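Structural overview for review
What follows is the residue order along each chain.
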Amino acid sequence: MEILVLFAVLLILLAIGVPVAFALFGAALATFAVADIPLIVAVQRMAAGISVFTLMAIPFFIFAGDLMYRAGIAERLVRVADAAFGRVRGGLGLVDVGASMMFGAVSGSAIASASAIGSTMVPLMDEKGYDRDFSVNVTVTAAIVGLLIPPSHNMIIYAAASGIGVSIGDLFLAGIVPGVLTGGLLMLTTWLVARWRNLPRGTFPGWRTFIRAAIYAVPGLFTGVLIMGGILSGIFTPTESSAVAVIYTIVVGTFVYRNLGWRGTWEAAQKSVRTAAMVLFIIAAATAFGFALALLEVPAALAGLIAVITDNPILTLLIINVMLLALGTFMDMAPLIVITTPIFLPVAMATGVDPVHFGIILMLNLGIGLVTPPVGSVLFVGSAVGKVPLSRMVATIWPFYLTLLISLALVTYLPGLSLWLPHAL
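What you see is a predicted model; the values in this text were computed from it and never measured.

1. Some remarks on unusual backbone geometry
- Of note in this structure, aspartate 36 is not a glycine but carries a positive phi near 60°.
- Looking at the element boundaries, aspartate 36 is found in the loop between α2 (20–34) and α3 (40–50).

Printed below as a string of structure tokens:
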């Protein structure tokens, strides 16, 4: 009865348009009321869910990402990518993917990447004669790479939700190879679609222009090097690295690029506070919902169900991936990480999957959900930035979506892609 109430209330609230965080909290409250559990427990679990030191990195990384956009780092990354790939058929599409990979390496946010790179690239591609739906589809799918290439605040959420002390540093390292692989596959798909549509070809501006663009981009790209170098060397923790990223971005944006003043910094702080508050409230509500799931032994029941269906590790991971892809179509990434990690991580570990490897599978899988209707937040950002109807985007996004699924399969069944770098370092 309690399980029925939990999921029925959640689905009803989502169906009538209640925000995800309130729907999760409302479902938890209703379940506690039916189970005769004091309602104050839900509030206590919410407070406990965000009283985690590692979560302090989330507002800092969000702040750093917004500062990078305002400092003009995205624009400089576009320039260096354009100088490198612009001469190829559909070269601006490759530029879009390359710039998204580099921006992801310094911001770690898919939404920030889609907004920052899309605002620069979509008008430029439109001016050169590219199809608008192609431009937006490349932008939104390339933004997913930012969830894999460190730093990624979603990895921090996963580490906190795992409950077994998964190393954030290992997660950051584990995402690099899958991120580069996914970006490379998206570049290949972009080139093939550009050839099929006979899209424009650019010209190589010369080595002098390329070297100049690369030199201008180095201070911005150094953010990722600074973060990973500091973590690996033990100079600072992943949480402290987020504060270092903010300070470094302010220095670079103010004194090197000279695009960031007091007004821009203050506006970025205001926006980041709102965004971080929303993310943390979702995490808090999802923690209460997850506590209700644990009380009702839903994870154990689901694990038992999967064990009845199959004991094959390959099929088990396939079932988990299909379930996560389905959930990602109607829920946002942060609450899904908090809710599904305690459910699926023990099942995956029982089949011999490393928790760091599972974290990368989760990042890519739920990242695909961000570009899947009807609740794909990155899809909506791309539609707004490119002024393209969602229906037109969805009709032509399938080659890129298929590419992301191929990458997910490779990351799932080739654990060495994720684990080689953490083990080597």
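From this point, the narrative continues.
2. Remarks on the environment of valine 356
- Looking at the secondary structure, you find valine 356 in helix α18 (residues 355–369).
- The spatial distance from the C-alpha of valine 356 to the C-alpha of leucine 171 is 5.8 Å, given a sequence separation of 185 residues.

3. A short note on the side chain of threonine 249
- Among the secondary structure elements, threonine 249 is positioned in helix α13 (residues 238–256).
- Ignoring sequence-local partners within four residues, the contact set of threonine 249 consists of Ala64, Leu67, Met68 and Leu260.

4. Digging into the packing of helix α11 (residues 176–197) against helix α21 (residues 398–413)
- α21 packs onto α11 with a crossing angle of 150° between their chain directions and a minimal axis gap of 10 Å. On the basis of their axis angle, the class for α11 and α21 is roughly antiparallel. Like other packed secondary-structure pairs, α11 and α21 cross with a definite hand, here right-handed. Residues Pro178, Leu181, Thr182, Leu185, Leu186, Thr189, Thr190 and Val193 of α11 form the contact with α21, whose own contacting residues are Pro399, Phe400, Thr403, Leu404, Ser407, Leu410 and Val411.

5. Some remarks on the pattern of salt bridges
- Counted under the stated rule, the structure contains four salt bridges.
- Between aspartate 131 and arginine 197 there is a salt bridge, with the nearest N and O atoms lying 3.1 Å from each other. A residue pair is termed long-range when its members are at least 10 positions apart, and aspartate 131 in the loop between α7 (110–127) and α8 (132–143) and arginine 197 in helix α11 qualify at 66 residues.
- Looking at aspartate 131, the relative accessible area reads 29%, which means it is partly exposed.
- Arginine 197 gets classed as partly exposed once you look at its relative accessible area, which sits at 22%.
- Between aspartate 133 and arginine 392 there is a salt bridge, and its shortest N-O distance comes to 3.5 Å. Of this pair, aspartate 133 sits in helix α8 while arginine 392 sits in helix α20 (residues 390–396), placing them 259 residues apart in sequence.
- Several salt bridges share partner residues, and in doing so they unite Asp131, Asp133, Arg197 and Arg392 into one network.

Parameters at a glance
- Residues numbered from 1 in each chain as written.
- Predicted model: local features only at pLDDT ≥ 70, side-chain atom pairs only at ≥ 80, totals over all residues.
- Heavy atoms only, no water.
- Helix = DSSP H or I, 4+ residues; strand = E, 2+ residues; numbered from the N terminus.
- Contact = heavy atoms within 4.5 Å.
- Axes fitted to C-alpha atoms, helices over the stretch in contact; angles between N-to-C directions.
- Parallel < 35°, antiparallel > 145°, perpendicular 65-115°, else oblique.
- Left-handed = near helix turned anticlockwise from the far one by under 90°.
- Salt bridge = Lys/Arg side-chain N within 4 Å of Asp/Glu carboxyl O.
- Buried < 20%, exposed > 50% of the residue type's maximum accessible area, 1.4 Å probe, protein only.

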